[in-house]
Amino acid sequence: MSAAYRPGPDAGVTVSDDGMSVYVARLPGGPLLVLDGAAALIWAEATTAPATGWVARVAELVGQPEDAITADVRAFVGDLSARELLVPLGGDADPPAGA
């Protein structure tokens with residue numbers, strides 16, 4: 001099984017010891033993004049196997065219905081993908097709108 005996303009080819013990633021912060025930047029020039037809280041959870045679940053159900057896992061972790069967060073999760077990972085910080089691997093990489 002693989003994850004829904006992986007870090008981009010030029011992305012440098014460091015996760016804090018408690019997993020609640022992710023530091024990510026395109027190398028060598030940046031800029032550095034600090035992902036905290038729900039953003040760090042989205043990164044962790046999107047880049048962790050299995051790809052199937054990763055948005056549902058985020059929803060469970062933040063205590064929200066999946067359909068309530070899918071659009072925001074889609075926008076967030078879309079932004080990270082546009083910055084080439086995340087690369088989709090297929091499967092559930094693109095959560096369906098309203099699902």
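The structure this text deals with has already been given above.
First things first, this report covers the structure right here in the doc.

Calculation rules
Residues numbered from 1 in each chain as written. Predicted model: local features only at pLDDT ≥ 70, side-chain atom pairs only at ≥ 80, totals over all residues. Heavy atoms only, no water. Helix = DSSP H or I, 4+ residues; strand = E, 2+ residues; numbered from the N terminus. Buried < 20%, exposed > 50% of the residue type's maximum accessible area, 1.4 Å probe, protein only. Polar contact = N/O pair within 3.5 Å; in protein donor to acceptor, adjacent residues only side chain to side chain. Phe/Tyr/Trp six-rings, centres within 6.5 Å; stacked < 30°, edge-to-face > 60°. Axes fitted to C-alpha atoms, helices over the stretch in contact; angles between N-to-C directions. Parallel < 35°, antiparallel > 145°, perpendicular 65-115°, else oblique. Left-handed = near helix turned anticlockwise from the far one by under 90°. Contact = heavy atoms within 4.5 Å. Nonpolar A, V, L, I, M, F, W, Y, C, P; charged D, E, K, R; others polar.

1. A look at the side chain of Thr70
In step 1: Structurally, Thr70 is set in helix H3 (residues 66-82).
In step 2: A relative accessible area of 0% places Thr70 in the buried class.
In step 3: A distance of 2.7 Å separates the side chain of Thr70 from the backbone oxygen of Glu66, its partner in a polar contact.

2. So, the packing of aromatic side chains
In step 1: Tallied over the full model, the rule gives one aromatic pair.
In step 2: Measuring from centroid to centroid gives 6.0 Å for Tyr5 and Trp54, while their planes differ by 85 degrees, and the two rings are edge-to-face. In this pair, Tyr5 is assigned in strand E1 (residues 5-7) and Trp54 in helix H2 (residues 54-62), connecting sequence segments 49 residues apart.
In step 3: According to the relative accessible area criterion, Tyr5 is buried, its value standing at 5%.
In step 4: Note on Trp54: relative accessible area 1%, which makes it buried.

3. Section: the packing of helix H1 (residues 38-46) against H2
In step 1: Close contact between H1 and H2 brings their axes to 9 Å; oriented N to C, the two are set at 150 degrees. Considered as vectors, H1 and H2 are oriented roughly antiparallel to each other. In this structure, H1 meets H2 at a crossing whose hand is right-handed. Across the interface between the two elements, Ala38, Leu41, Ile42, Glu45 and Ala46 from H1 touch Trp54, Arg57, Val58, Leu61 and Val62 from H2.
In step 2: A class-by-class count of the residues in the contact of H1 with H2 yields eight nonpolar, no polar and two charged.

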